[in-house]
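# Coordinates in review
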Amino acid sequence: MEQDLQEDVNELRRLFDEEYPDRYTYIPITDELLARFIYTKKTPQRALEPLSNYINYFKNMDLRSVEIKDVLDNLTCMSIPVNDHSRTKEGYPIMYARTLGYNPSKFGIKVLMAINFLTTEIIQSTVEDQQSGVFFIMDCSGMGWSNWDPSSEKIMTEAFTNAFPVRSKGMVMYNINWLFKVIYKIFKPWLSKKLQRRVRYLYL
């Protein structure tokens, strides 16, 4: 680990221990984990709150839930960049999902959170991918009201912007319909200005 990064990691650890001296973290607070928050938020001070939020989300997840496989099968998530064909030309790993198979009334927000936790952990498993960021692609074919829940979407958006150590380099949503336009107007204010600029749509 480079010296400047190591110094930021040490400072973030100091800030966390000072802010939460008696906190049980549920997961090991390794230098590698802290570095991911530094990559995402740039400074130890800005990384402290997302790190705390991340730990709070983690303690409420059941990563052994049998429902996780069912949702993954329906979403057909292809989140692991196994070769150059699953990366952008800039080298960003690609996370792909379909919305059609997800039914919020059947699978709760905890299951969806666990899936996003697992997939983002896998897709950013190397230092290079943590530094470069992730490119998201979503197939919105056949999307209907049954595939969307406003409370779940708000929680997920907040988690990605202020908890999960994920650097989003862009998002493309394709096969969108009139319903998506309505839904996007609802949850767009929850997105940061930077993320709004990186979202693109394709009418296929």
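Since this is a predicted model, take the numbers as computed values, not measurements. (Residues numbered from 1 in each chain as written. Predicted model: local features only at pLDDT ≥ 70, side-chain atom pairs only at ≥ 80, totals over all residues. Heavy atoms only, no water.)

## Details of the overall build of the chain
- What the chain contains, in helices and strands, is nine helices and four strands.
- When its helices and strands are written in sequence order, the chain yields α-α-α-α-β-α-α-β-α-β-α-α-β.
- Taken across its 204 residues, the chain has 45% of its residues classed as buried.
- Here the contacts in the chain between residues at least 6 apart in sequence split such that 81% fall between residues at least 24 apart. (Helix = DSSP H or I, 4+ residues; strand = E, 2+ residues; numbered from the N terminus. Buried < 20%, exposed > 50% of the residue type's maximum accessible area, 1.4 Å probe, protein only. Contact = heavy atoms within 4.5 Å.)

## Considerations on the side chain of T88
- For T88, the position within the fold is in the loop between α4 (67-75) and β1 (94-98).
- Among the residues examined, T88 registers a relative accessible area of 16% and is labelled buried.
- Excluding anything up to four places from it in sequence, T88 contacts I94 and F135.

## What about the packing of aromatic side chains?
- Across all of its chains, the model carries three aromatic pairs by this definition.
- Taking 5.3 Å as the distance between ring centres and 80 degrees as the angle between the ring planes, the aromatic pair formed by F37 and Y54 counts as edge-to-face. Placement of the pair is F37 in helix α2 (residues 31-41) and Y54 in helix α3 (residues 44-59), with a sequence separation of 17 residues. Each of the two residues, F37 as well as Y54, counts as buried.
- Consider the rings of Y54 and F164, whose centres lie 6.4 Å apart with planes at 80 degrees: the pair is edge-to-face. Of the two residues, Y54 sits in helix α3 while F164 sits in the loop between α7 (150-162) and β3 (168-174), which places them 110 residues apart along the sequence.
- Exposure remark for Y54: the relative accessible area of 3% places this residue in the buried category.
- One aromatic cluster is present, formed by F37, Y54 and F164 through successive ring pairs. (Phe/Tyr/Trp six-rings, centres within 6.5 Å; stacked < 30°, edge-to-face > 60°.)

## Digging into α3
- Taking 1.5 Å of rise per residue, 16 residues should cover 22 Å, and α3 covers 22 Å from first to last C-alpha, within 8% of that figure.
- For α3, the full list of buried residues reads P44, A47, L48, P50, L51, S52, Y54, I55 and F58.
- Residues of α3 that are buried sit in contact with α1 (3-19), α2, α5 (109-123) and α7. (Expected span 1.5 Å × (residues − 1).)

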